[in-house]
Amino acid sequence: MGKWLALLFLITSSMALAVDDSGSVNTEETYRLRVGDLVSIVVFDEPDLNVQGKLDPDGVIIVPLLGRTALKGSTLRDAEAQLEKAFIDEEYLIQPQVTISVMQYAERVFYIFGEVASPGAKIFPPGRQSLDILEAISMAGDFSQYARKSEVTLRRPIKGTSSEDKFVLNLEKLMRGNSQGEQESVSILPDDIIYVPERMF
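Just so it is clear, the model here is predicted, and its values are computed rather than measured. (Residues numbered from 1 in each chain as written. Predicted model: local features only at pLDDT ≥ 70, side-chain atom pairs only at ≥ 80, totals over all residues. Heavy atoms only, no water.)

Asker: Can you help me understand the confidence of the model for the protein chain in this one?
Answerer: Note: predicted coordinates in regions of low pLDDT should not be interpreted at a detailed level. This prediction gives the protein chain a mean pLDDT of 83; 82% of its residues lie at or above 70. Scored below 50 in pLDDT, residues 1-27 shows 39 contacts in the model against residues more than four places distant or in partner chains. (pLDDT = per-residue confidence, 0-100. Contact = heavy atoms within 4.5 Å.)

This is how it looks when you write it as structure tokens:
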């Protein structure tokens, strides 16, 4: 079980999301567009083709000349290349230069309950696609004095189904590892549910 959890959840510094010196995610390289993102599409020297709008529930935005265009799941660079190719294939432009930027990120939340100071839904920082579980605990005001840190439950919805995966994590061991300079941690994703049980006396 421990080895399987390590393979699934633990990330090393070489596998982590790109982070700059301030600790924020390098969204230009890693961010993937999702439903609700407000994006700006600019076509160089073609102001009539510029558009700003949100990806609808299907991950689609209306692009002048191209119509309904699905961008959900694409990185910004991939989405730019997709639109440039579409303009060329449809013979609207010869050498289009498309720039896409995210004006406002769709809200992402995770949930934390049990023995923490401030339980409930927590919003991911803008542009972040994952959080270190200890960072997530910190966002909930840290553990209470009654927390059983050795048996924290993580529930993760399985996309496209009504089912979920469930994992029991020993955060006491993880915290000891971090204090010794190890880089591994557990990543928390949008819609994850964390439960911190009460310690038995």
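Asker: It is not clear to me how the sheet that holds strand β5 (residues 98-104) should be interpreted in this structure. Could you clarify?
Answerer: What links the strands of a sheet is backbone hydrogen bonding, and the strands pair in either a parallel or an antiparallel sense. The sheet built from three strands is open, its strands ordered β2-β1-β5 with antiparallel pairing. A single partner strand is all that each edge strand has here, and the edge strands are β2 (51-54) and β5. Going across the sheet, the axis of each strand differs from the next one's by a mean of 20°, ignoring polarity. Both strand β1 (residues 38-43) and β2 contribute to a ladder of four bridges, which runs antiparallel. Following the sheet pairing, leucine 38 is matched in β2 by lysine 54. Its contacts with the sheet put helix α3 (residues 76-89) on β1 and β5, and the angle it makes with β5 is roughly 135°. (Pairing = 2+ DSSP bridges. Helix = DSSP H or I, 4+ residues; strand = E, 2+ residues; numbered from the N terminus. Axes fitted to C-alpha atoms, helices over the stretch in contact; angles between N-to-C directions.)

Asker: I would appreciate a short explanation of the sheet that holds strand β10 (residues 164-169) in the present structure.
Answerer: The sheet built from five strands is open, its strands ordered β7-β6-β12-β9-β10 with mixed pairing. The open sheet has two free edges, formed respectively by β7 (120-123) and β10, since each of these has just one partner strand. Neighbour-to-neighbour, the strand axes of this sheet turn through a mean angle of 20°, independent of strand direction. Examined bridge by bridge, strand β9 (residues 152-157) and strand β12 (residues 193-196) share three bridges and lie antiparallel to one another. The partner of threonine 153 across the bridge, within β12, is tyrosine 195.

Asker: Mind showing me how you'd approach the pattern of salt bridges here?
Answerer: Pairing between side chains of opposite charge can happen when the charged atoms of each approach one another. Within this structure, the stated rule accounts for eight salt bridges. Between arginine 148 and glutamate 151 there is a salt bridge, and its shortest N-O distance comes to 3.5 Å. Its relative accessible area of 39% is what places glutamate 151 among the partly exposed residues. Here the residues in one salt-bridge network are Asp56, Asp58 and Arg68, joined through shared partners. (Salt bridge = Lys/Arg side-chain N within 4 Å of Asp/Glu carboxyl O. Buried < 20%, exposed > 50% of the residue type's maximum accessible area, 1.4 Å probe, protein only.)

Asker: Help me understand the packing of aromatic side chains in this model?
Answerer: Two aromatic rings, taken as a pair, are described by how far apart their centres are and by the angle between their planes. Evaluation of the coordinates by the stated rule reveals two aromatic pairs. A ring pair is formed by tyrosine 31 and tyrosine 105, whose centres lie 4.8 Å apart and whose planes are at 80°; its orientation type is edge-to-face. In this pair, tyrosine 31 is assigned in the loop between α2 (27-30) and β1 and tyrosine 105 in the loop between β5 and β6 (109-114), connecting sequence segments 74 residues apart. Taking the relative accessible area as the measure of exposure, tyrosine 31 reaches 0% and is therefore buried. Ring geometry for phenylalanine 110 and phenylalanine 124: centres 5.6 Å apart, planes at 85°, overall edge-to-face. Of the two residues, phenylalanine 110 is situated in strand β6 and phenylalanine 124 in the loop between β7 and β8 (131-132); the sequence distance between them amounts to 14 residues. (Phe/Tyr/Trp six-rings, centres within 6.5 Å; stacked < 30°, edge-to-face > 60°.)

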